[in-house]
Amino acid sequence: KKDLEFQGKDLEYYNALMKARAEVTEQMRYCAADALDAENMEKRGVTTHMADVSSDHSRHEMELRMLTEDGDVLSLIDDAIERLVNGEYGKCMDCGENIPEPRLMVRPYAIFCTACKSRHEQMMRER
């Protein structure tokens, strides 16, 4: 759907999702340019001090990890836009209850309500 087809709260949610999408895409562009820049890679390759080599590798791994995480968020955003189009936006993927509006305003691509998200985080900590 085009943004003109959304009205009221749906239009607000769509705009929030598109803003989040633009921010993540820009961040990915920046990280990708830095992580995959051939000139930087060559400079990293000629580092001779062990501490510098380790630091370069750690930085490169962090940049690639951030790209992966941003890609995951971009996928969540695209899925949220699809749910908005299908009239399923704002429902918790676990319990089916509505996700609180303040949560959707902060994280428009949220898939869990606050209670279910807390439960998931607790389960991850217990592993």
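Check the entry above for the structure.
Residues numbered from 1 in each chain as written. Predicted model: local features only at pLDDT ≥ 70, side-chain atom pairs only at ≥ 80, totals over all residues. Heavy atoms only, no water.

S.K.: What is the right way to read the nonpolar core from this model?
M.R.: Generally speaking, nonpolar side chains in soluble globular proteins are found buried as a group. Judged by nonpolar contacts, the single largest core of 24 residues is most densely connected at Leu17, Ile77, Leu84, Tyr89 and Tyr109. Put simply, the parts of the chain that give this core at least two residues each are helix H1 (8-36) and helix H3 (50-85). Sequence-distant contacts of isoleucine 77, that is, excluding residues within four places in its chain, are made with Leu17, Ala20, Arg21, Val24 and Tyr109. (Core = buried A, V, L, I, M, F, W, Y, C linked by side-chain atoms within 4.5 Å. Buried < 20%, exposed > 50% of the residue type's maximum accessible area, 1.4 Å probe, protein only. Helix = DSSP H or I, 4+ residues; strand = E, 2+ residues; numbered from the N terminus. Contact = heavy atoms within 4.5 Å.)

S.K.: Help me understand the layout of surface pockets, please; the structure alone is not making it clear to me.
M.R.: It is a probe the size of a water molecule, rolled over the atoms, that shows where empty space is left. Taken as a whole, the largest pocket holds about 200 Å³ of empty space. Lining the largest pocket are Val73, Leu76, Arg103, Arg107, Tyr109, Ala110, Ile111, Phe112 and Lys117. (1 Å grid on protein atoms, 1.4 Å probe; cavity = no way out; pocket = protein on both sides within 12 Å on 5 of 7 lines; lining within 4 Å. Points joined across faces, edges and corners; volume = space filled by probe spheres on them.)

S.K.: In this structure, what is going on with the packing of aromatic side chains? I would like to understand it.
M.R.: Any two aromatic rings considered together are summarised by their centre-to-centre distance and by the angle between their planes. Scanning the entire structure with this criterion turns up 2 aromatic pairs. Note on phenylalanine 6 and tyrosine 14: the rings are 4.9 Å apart at their centroids and 25 degrees apart in plane angle, and the pair reads as stacked. There is no split in this pair, since phenylalanine 6 and tyrosine 14 are both buried. Between tyrosine 13 and tyrosine 89 the ring centres are 4.9 Å apart and the planes differ by 45 degrees, which places this aromatic pair in the tilted class. (Phe/Tyr/Trp six-rings, centres within 6.5 Å; stacked < 30°, edge-to-face > 60°.)

S.K.: What exactly am I supposed to notice about the pattern of salt bridges here?
M.R.: Where charged atoms of side chains with opposite charge meet at close range, the side chains can pair. Following the criterion strictly, the structure yields 7 salt bridges and no others. The shortest N-O distance in the salt bridge between lysine 9 and glutamate 12 comes to 3.2 Å. With lysine 9 and glutamate 12 both in helix H1 and 3 residues apart, this pair spans about one turn of that helix. Residue classification places lysine 9 among the partly exposed positions, given a relative accessible area of 35%. The exposure class of glutamate 12 is partly exposed, given its relative accessible area of 39%. A salt bridge links lysine 9 to glutamate 101, with the nearest nitrogen and oxygen atoms 2.4 Å apart. Separated by 92 residues along the polypeptide, lysine 9 in helix H1 and glutamate 101 in helix H4 (residues 101-106) bring together distant segments of the chain. Bridged by salt links that share partners, the residues Lys9, Glu12 and Glu101 form one connected network. (Salt bridge = Lys/Arg side-chain N within 4 Å of Asp/Glu carboxyl O.)

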